[in-house]
Amino acid sequence: MSDNLPRRQVLRTAGALGLGAAAAGALSSTADASPDRVAAMNAQHGHGKLEIRKDPFGTTPEGVGVDVYTFTNGRTTISMLTWGATIQRVETPDRRGRTENISLGFDNLPDYAALSPYFGATVGRYGNRIAKGKFTLDGHTYQIPVNNGENALHGGTIGFDKKVWKAKVVKTDKVVGVAFTYVSPDGEMGFPGELTSTVTYTLDKQDNLRIDYLATVAGKPTVLNLTNHVYFNLAGEGTGSIDGHVLELKAAKYTPVDAGLIPTGELAQVAGTPFDFNTPTAIGKRIRDDHPQLVIGRGYDHNFVLSGKPDHEGLRFAARFWEPTEGRTVTVHTSQPGAQFYSGNFLDGTFQGIGNKSYRQGDAFAFETQHFPDSPNHPTFPSTVLRPGQTFTSTTIYTFGTK
């Protein structure tokens, strides 16, 4: 899902965060969150041993400390921030055993606060777009602050990606990770009801990163669409284009969009179009085809209607990405009905990521498991309404490997 926040927009974003003119410079960072920490953990522990540690990452202008949790099974290592319950780094080996970070991000809190286009963030209260930021529920009309043209994207101007979540370590003999919790008060960003969300990220010994979402609402019904917005480049972050990545995506239909990237309401067949990835195909093979939907999105930025058969847990195979040169793969299973495939179209090289690497158009992809965009305004789409007394749950698993 695109959102372009280059350095020229720092002050505008800082203002949305309630910061002064110093913007991101008002935040502090610590050296403890360096790549050396990850390397030390990998060197110290063998494959199969589950370990986790916590380090300070920075402090907000309000004096709230932000921590980074780094957990590993000795082969795959994940670093996550309490800022936005964000995946900062994903360290995995290639087919030769050489480990690299494959997720886009920053090495400091100021850049996350002022620049990040949702790198690795847990997104809410409503991931993806709501047309004109407006929806009606039980006869009441609600207005969300618009932040993507005339539309609201990923929860409005200050979504869950810009909140400091509470964190609790999860560690058993089978998994290690962190449970993040955030309570969103009634009326925050215009959404009704007090929403309590807990998103648990756990890594097992088989290189499965499991994300379990759980949410309840009190007082009033609300709409909800939680997801994670990790960006991947399986050759290593900052190494260039993902056009050569091969994608297999189990979906017979997708939701075409208008010029504002809002679904038209149609469920269109992918067969015979550049949107058909049911047979593994390089991402870049058709991305410049003269298809009106590719022109609108500057590439792929569309929700796919997943068609895989659910297993006993309600999880279905959604997609597999493969980078042929280094051999890394990531396979996605989910209980959600849709997924947004975004080919990094709005990355423009105007800011520096981890290791001072510029991220340019097409340098990463995101695959956001979700309910459909703008569902509150499309009664025929799967409902995103959550009412008091109900519990929302969903699960997505990213499995890292090689071939």
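The residue numbering used here restarts from 1 in each chain and proceeds along that chain's sequence as written. Totals for whole chains, interfaces and linings use every residue, but because this is a predicted model, local features are given only for residues with pLDDT of at least 70 and side-chain atom pairs only at 80 or more, for both listing and counting. Excluding hydrogens and water, the side-chain figures rest on all heavy atoms present in the structure.

- Per an unreviewed UniProt entry, the chain carries the name Aldose 1-epimerase and comes from Kribbella koreensis.
- Turning to the chain, the UniProt record has this under Catalytic activity (unreviewed entry): "alpha-D-glucose = beta-D-glucose".
- UniProt positions are given in the numbering used here, feature names are shortened, and annotations may be inferred rather than shown by experiment. In its Sequence similarities (unreviewed entry) section, the UniProt record describing the chain reads: "Belongs to the aldose epimerase family."

1. Here we look at the packing of aromatic side chains
Link 1 in the chain: A pair of Phe, Tyr and Trp rings is counted when the ring centres sit within 6.5 Å of each other, with Trp represented by its six-membered ring. The angle between the planes then sorts it: under 30 degrees is stacked, over 60 is edge-to-face, the rest tilted. Within this structure, the stated rule accounts for 28 aromatic pairs.
Link 2 in the chain: Ring geometry for Phe119 and Phe351: centres 5.9 Å apart, planes at 75°, overall edge-to-face. Of this pair, Phe119 sits in the loop between helix H3 (109–114) and strand E7 (122–123) while Phe351 is found in the loop between strand E26 (338–342) and strand E27 (365–370), placing the two residues 232 residues apart along the sequence. Considered together, Phe119 and Phe351 belong to a single accessibility category, that of buried residues.
Link 3 in the chain: An aromatic cluster of three or more residues is present, and its members are Phe232, Tyr254, Phe275, Phe277, Tyr300, Phe304, Phe321, Phe341, Phe365, Phe367, Tyr398 and Phe400.
Link 4 in the chain: The criterion for a charge sitting over a ring is simple: Lys NZ or Arg CZ within 6 Å of the ring centre, and within 35 degrees of the ring normal. Directly above the aromatic system of Phe277 lies the positively charged group of Arg286, at a separation of 4.9 Å from the ring centroid.
Link 5 in the chain: Residue placement shows Lys403 over the ring face of Trp322; its charged tip is 4.2 Å from the ring centre. Helical segments are the DSSP runs of H or I of at least four residues, strand segments are the runs of E of at least two, and each set is numbered from the N terminus. Three labels apply to residues, based on accessible area from a 1.4 Å probe with only protein chains included: buried if under 20% of the type maximum, exposed if over 50%, partly exposed otherwise in between.

2. Considering the sheet that holds strand E19 (residues 246–249)
Link 1 in the chain: By the convention used here, strands pair only if DSSP detects at least 2 bridges between them. Pairing is antiparallel in the open sheet, where 9 strands are placed in the order E12-E13-E14-E15-E29-E25-E24-E19-E22. Unpaired on one side and paired on the other, strand E12 (166–171) and strand E22 (281–282) mark the two borders of the sheet.

3. Considerations on unusual backbone geometry
Link 1 in the chain: With an omega dihedral of 0°, the bond running from Gly124 to Arg125 counts as a cis peptide bond.
Link 2 in the chain: The phi dihedral of His154 is positive, around 55°, even though this residue is not glycine.
Link 3 in the chain: Checked against the element boundaries, His154 lands in the loop between strand E11 (152–153) and E12.
Link 4 in the chain: Positive phi, close to 55°, is recorded for Asp374, a residue that is not glycine.

4. Here we look at the pattern of salt bridges
Pairs can form between side chains of opposite charge whenever their charged atoms are close.
Link 1 in the chain: What makes a salt bridge here is a side-chain nitrogen of Lys or Arg within 4 Å of a carboxyl oxygen of Asp or Glu, nothing more. Summed over all chains, the structure comprises 15 salt bridges.
Link 2 in the chain: The closest approach of N and O atoms between Arg129 and Asp301, which form a salt bridge, is 3.9 Å. Taken together, the residues Arg129 in strand E8 (residues 129–130) and Asp301 in strand E23 (residues 301–306) connect sequence positions 172 residues apart. For the residue pair Arg129 and Asp301, the accessibility class agrees, reading buried in each case.
Link 3 in the chain: Members of the salt-bridge network, linked through shared partners, are Asp94, Arg98 and Glu326.

5. Structural notes on the sheet that holds strand E21 (residues 268–269)
Link 1 in the chain: Reading across from one edge, E18-E27-E26-E23-E20-E21 is the order of the 6 strands in this open sheet, with antiparallel pairing throughout. Strands with a single pairing partner mark the edges of an open sheet, and in this sheet they are strand E18 (231–232) and E21.
Link 2 in the chain: Here 2 bridges tie strand E20 (residues 251–255) to E21, and the two strands are oriented antiparallel to one another. Bridge pairing in E21 links Tyr254 to Ala268.

6. Some thoughts on the side chain of Thr202
Link 1 in the chain: Among the secondary structure elements, Thr202 is positioned in strand E14 (residues 194–204).
Link 2 in the chain: Leave out the neighbours within four places in its chain, and Thr202 touches Val170, Val175, Val176, Gly177, Asn208, Leu209 and Arg210. Any two residues whose heavy atoms approach within 4.5 Å at even a single point are treated as in contact.

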